[in-house]
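# Geometric and topological summary
Residue-level listing of the chains:
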Amino acid sequence: MPIRFLFVLMMLIAPSFAKAQTSFDPGEGCLNVADVSYSQGIGEYGDGGIAANYLHEKFSNDRFSIGAGIGYSYHQKYKFSAIPIYASTHYFFLDRRFSPFVNLRAGVFILLNNKNVGTNEKYSLSKDKQGLSLFVSPSIGVKMHITPSIGIMASISDEAYLVKAFDTQRNDYRNKLIHDLGISIGVCFQINGW
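Our subject in this report is the structure included herewith.

### Some points on the sheet that holds strand 4 (residues 80–92)
Reading around the circumference, 1-2-3-4-5-6-7-8 is the order of the eight strands in this closed barrel, with antiparallel pairing throughout. Between one strand axis and the next, the sheet turns by 25° as a mean value, whatever way the strands run.

### Structural notes on the pairing of strand 3 (residues 64–75)
As judged from the 11 bridges shared by strand 2 (residues 49–59) and strand 3, these two strands associate in the antiparallel manner. Bridging across to strand 3, His56 finds its partner in Ala68. Across 10 bridges, the pairing between strand 3 and strand 4 is antiparallel. Following the sheet pairing, Ala68 is matched in strand 4 by Ala87.

### A short note on unusual backbone geometry
In this model, Lys79 sits at a positive phi of 60°, which is unusual for a non-glycine residue. With respect to the helices and strands, Lys79 occurs in the loop between strand 3 and strand 4. On the accessibility criterion, Lys79 (40% relative accessible area) is partly exposed. Non-glycine residue Tyr123 carries a positive phi angle of around 70°.

### Focus: the pattern of salt bridges
Taken as a whole, this structure holds three salt bridges when the rule is applied. In this structure, Asp128 engages Lys164 in a salt bridge whose closest nitrogen and oxygen atoms are separated by 3.8 Å. With a gap of 36 residues between them, Asp128 in the loop between strand 5 (98–112) and strand 6 (132–147) and Lys164 in strand 7 (residues 150–167) connect regions that are remote in the sequence. By relative accessible area, which is 52% here, Asp128 ends up exposed. The partner of Lys176 in a salt bridge is Asp167, with the nearest N and O atoms 2.9 Å apart. Each member of the pair, Lys176 together with Asp167, is buried.

### Examining the nonpolar core
Membership of the largest hydrophobic core comes to 21 residues, with the highest contact counts inside it found for Tyr78, Phe80, Phe109, Val163 and Ile178. Listed by contribution, the elements that provide at least two residues to this core are strand 1 (30–42), strand 2, strand 4, strand 5, strand 7 and strand 8 (172–191).

### Comments concerning the packing of aromatic side chains
By convention here, two paired aromatic rings are described through the distance between centres and the angle between planes. Summed over all chains, the structure comprises nine aromatic pairs. Seen from their ring centres, Phe59 and Phe92 are 6.5 Å apart, and the 35° between their planes marks the pair as tilted. Note that Phe59 is positioned in strand 2 and Phe92 in strand 4, a separation of 33 residues in sequence. Phe92 carries the same exposure label as Phe59, and that label is buried. Aromatic side chains Tyr91 and Phe93 sit 5.4 Å apart centroid to centroid with 85° between the ring planes, which places their arrangement in the edge-to-face category. Here the basic side chain of Lys122 rests over the ring of Tyr45, its NZ or CZ set 5.6 Å away from the ring centre. Sitting over the face of the ring of Phe92, Lys143 holds its NZ or CZ atom 5.1 Å from the ring centroid.

### What to know about the side chain of Asp180
Here Asp180 lies in strand 8. Although buried, Asp180 forms no salt bridge, and the nearest oppositely charged side chain, Arg105, lies 10 Å from it. There is a polar contact of 3.5 Å between the side chain of Asp180 and the side chain of Ser39. In this structure Asp180 touches Ser39, Gln40, Gly41, Ile42, Asp47, Gly48, His75, Ser157, Asp158, Glu159 and Tyr161, once residues within four positions along its chain are discounted.

About the criteria used
Residues numbered from 1 in each chain as written. Predicted model: local features only at pLDDT ≥ 70, side-chain atom pairs only at ≥ 80, totals over all residues. Heavy atoms only, no water. Pairing = 2+ DSSP bridges. Helix = DSSP H or I, 4+ residues; strand = E, 2+ residues; numbered from the N terminus. Axes fitted to C-alpha atoms, helices over the stretch in contact; angles between N-to-C directions. Buried < 20%, exposed > 50% of the residue type's maximum accessible area, 1.4 Å probe, protein only. Salt bridge = Lys/Arg side-chain N within 4 Å of Asp/Glu carboxyl O. Core = buried A, V, L, I, M, F, W, Y, C linked by side-chain atoms within 4.5 Å. Phe/Tyr/Trp six-rings, centres within 6.5 Å; stacked < 30°, edge-to-face > 60°. Lys NZ or Arg CZ within 6 Å of the ring centre and 35° of its normal. Lys, Arg positive; Asp, Glu negative; His and termini not counted. Polar contact = N/O pair within 3.5 Å; in protein donor to acceptor, adjacent residues only side chain to side chain. Contact = heavy atoms within 4.5 Å.

Here it is in structure tokens:
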């Protein structure tokens, strides 16, 4: 059943490939991206989970855009949710329908629903109220236009969250950057007039 659905979908969108422009028009509107990702922890204190993001960027030329975004993520081992709020920028290597890109998201996050607190075990967070903290996420990926104003983006990212986590070697809570390596897929679209 899923194979038939994908085949029908590809047949419906195939005619639009011929008329798809080479890239988003920097003079018309903004780049908007909505994506979801799944990640695995990397490093000793890394933690994986799921995330969703929305960002809005303005093109400064054919290949470079800059703007802001917001997201939601859940971290499995630390058992907390976060809402990152960040500045975002994309650089597309080619001015074509299919282009690799690099992306950098940097800002702060709000910690929510923290359930693993003060246990003095690995993947435990401090009881101290955290407030706003650092969020950074560089990524690489590819963009492919389906129509002149809609495309698909896929990327690999390293998301890093600064938290006060339990250090098993020092037997105390310390500031740690917890990393996760994620794979995301999303839809990018241009809204004219923005």
